[in-house]
Amino acid sequence: MTTDAPSSTEVTIRAEKTEDRLAVRRVHALAFGHHDPVPDLVDLLRSTAAPLAPLGLVATVGGEPVGHVMLSHSRLDAPRRLVNVWVLSPLGVEPDHQRRGVGTALVTAALKTAGLTGVPLVFLEGSPRYYGSRGFESASALGFRAPSLRIPDPAFQVARMPAYEPWMTGTLVYSDPFWALDCVGLRDPQA
Ligand SMILES: CC(C)(COP(=O)(O)OP(=O)(O)OC[C@H]1O[C@@H](n2cnc3c(N)ncnc32)[C@H](O)[C@@H]1OP(=O)(O)O)[C@@H](O)C(=O)NCCC(=O)NCCS
């Protein structure tokens, strides 16, 4: 992460601004494909009231957003009480800027930001090969249950923050935008 004036190829990570919204839609459309609901998911997460307002970070090159990550509120249904947690989703980097560490820089900055909020856990669905070396571990191995049977067990991952306590087990309950846009788990393409 840099704070000085960036050079034309330098990657800068910063909090998203209102004026980034169209560029962020473009980043995710390029990263996930133009028919994917992810750009709409980002907008819906921003416009849905939640106990924790979503946090978005953009990666810029030459001042232009080329990557974006979002943290949004969900709940953990723990035995003692409901716990506010973050879900890290989506993460997208424009194809022309992939494999240069932009995604890693966004995940690193998102976890640092999450830790500063005092929220104990960050969940996601994704490749354990990618996220396993970037601060995440198997959620089911730690006693967490996924919000859908359509999430492959290895994909269900969590990062424990400084505020985490061992009694915080239970089921992740996704916020409604993930269900409203059918962005949970994998659908059976044969069904
Ligand atoms: C996943 C993604 C964000 C990675 O961004 P990036 O800037 O290319 O990531 P980095 O440069 O930090 O890391 C690149 C490494 O990640 C690996 N990687 C990329 N996508 C991966 C995936 N889906 N599964 C496993 N590894 C992956 C690359 O092979 C590369 O490995 P290498 O360094 O050994 O060659 C980017 O590929 C992307 O936007 N993909 C499309 C959207 C997506 O799938 N988002 C994640 C949803 S959970």
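Structure first, text after, so check above.
A short tour of the structure in this document, coming up. (Residues numbered from 1 in each chain as written. Predicted model: local features only at pLDDT ≥ 70, side-chain atom pairs only at ≥ 80, totals over all residues. Heavy atoms only, no water.)

Looking only at helices and strands, the chain features five helices and nine strands. Each helix and strand of the chain, ordered N terminal to C terminal, gives the series β-α-α-β-β-β-α-β-α-β-β-β-β-α. The C-alpha atoms of the chain give 16 Å as radius of gyration, which agrees with the globular expectation for 191 residues (16 Å, within 12%). Reported as C-alpha extents along the three principal axes, the dimensions of the chain are approximately 50 × 40 × 35 Å. Looking at the chain as a whole, 44% of its 191 residues qualify as buried. For the chain, contacts bridging at least 24 residues in sequence account for 68% of all contacts bridging at least 6. When the accessible surface of the chain is totalled, it reaches about 9,900 Å², and 53% of it is carbon and sulfur. Separation of charge centres in the chain, based on 18 positive and 19 negative side chains, amounts to 4 Å. (Helix = DSSP H or I, 4+ residues; strand = E, 2+ residues; numbered from the N terminus. Rg over C-alpha atoms; globule rule 2.2 N^0.38 Å. Buried < 20%, exposed > 50% of the residue type's maximum accessible area, 1.4 Å probe, protein only. Contact = heavy atoms within 4.5 Å. Areas by Shrake-Rupley, 256 points an atom, 1.4 Å probe, with all protein chains shown as cover. Lys, Arg positive; Asp, Glu negative; His and termini not counted. Charge placed at Lys NZ, Arg CZ, Asp CG, Glu CD.)

In this section: the pairing of strand β2 (residues 55-61). Judged by how many residues are buried, β2 sits mostly within the fold: six of seven residues are covered. Where strand β1 (residues 11-15) meets β2, five bridges bridge the pair, whose relative direction is antiparallel. Across the sheet, the residue bridging to valine 11 is valine 61, located in β2. Note: β2 against strand β3 (residues 64-77), seven bridges, orientation antiparallel. Within the sheet, the bridge partner assigned to threonine 60 lies in β3 and is proline 65. Between β2 and β3, which follow one another and run antiparallel, lie two residues, and glycine 62 among them has a positive phi close to 60°. (Pairing = 2+ DSSP bridges.)

So, about the pattern of salt bridges. Under the definition given, this model contains eight salt bridges. Here arginine 25 and aspartate 40 are joined by a salt bridge, their closest N and O atoms 2.9 Å apart. In this pair, arginine 25 sits in helix α1 (residues 21-32) while aspartate 40 sits in helix α2 (residues 38-47), placing the two residues 15 residues apart along the sequence. Residue aspartate 40 is classed as partly exposed on the basis of its relative accessible area of 38%. Here the salt bridges share partners, and the residues they tie into one network are Glu16, Arg25, Asp40, Asp43 and Arg46. (Salt bridge = Lys/Arg side-chain N within 4 Å of Asp/Glu carboxyl O.)

With that settled, consider the pairing of strand β5 (residues 121-125). Taking burial as the measure, the five residues of β5 include four buried ones, the bulk of the element. Note on the crossover from strand β4 (residues 82-93) through helix α3 (residues 102-117) to β5: the handedness is right-handed. Pairing of β5 with strand β8 (residues 156-160) involves five bridges; the strand directions are antiparallel. Each residue of the ladder has a partner; that of glutamate 125, found in β8, is phenylalanine 156. (Right-handed = clockwise from strand over helix to strand, strands pointing away.)

This brings us to the side chain of serine 72. Along the polypeptide, serine 72 turns up in strand β3. In contact with serine 72, not counting residues within four places along its chain, are Leu45, Pro54, Val85, Trp86, Val87 and Phe178.

Our next topic: the packing of aromatic side chains. Here a ring pair, both rings aromatic, is described through the centre-centre distance and the interplanar angle of the planes. In total, this model carries six aromatic pairs according to the counting rule given. Between the aromatic rings of tyrosine 131 and phenylalanine 136, the centroid separation amounts to 5.7 Å while the plane-to-plane angle is 75°, which identifies the pairing as edge-to-face. We classify phenylalanine 136 as buried; its relative accessible area is 4%. Members of the aromatic cluster, connected to one another through ring pairs, are Phe123, Phe144 and Phe156. Positioned over the ring face of tyrosine 130 is arginine 134, at 3.8 Å from the centre of the ring. (Phe/Tyr/Trp six-rings, centres within 6.5 Å; stacked < 30°, edge-to-face > 60°. Lys NZ or Arg CZ within 6 Å of the ring centre and 35° of its normal.)

Turning next to the site of the ligand. In the region of the ligand, 18 residues are neighbours, and Val93, Arg99, Gly101, Gly103 and Thr104 sit closest. Separating an oxygen atom of the ligand from a backbone N or O atom of glycine 103 is a distance of 2.8 Å. Listing elements by their share of the shell around the ligand, those giving two or more residues are α1, β4, α3 and α4 (128-131). Here the shell around the ligand is composed, by residue class, of seven nonpolar, six polar and five charged. (Near = heavy atom within 4 Å. Polar contact = N/O pair within 3.5 Å; in protein donor to acceptor, adjacent residues only side chain to side chain. Nonpolar A, V, L, I, M, F, W, Y, C, P; charged D, E, K, R; others polar.)

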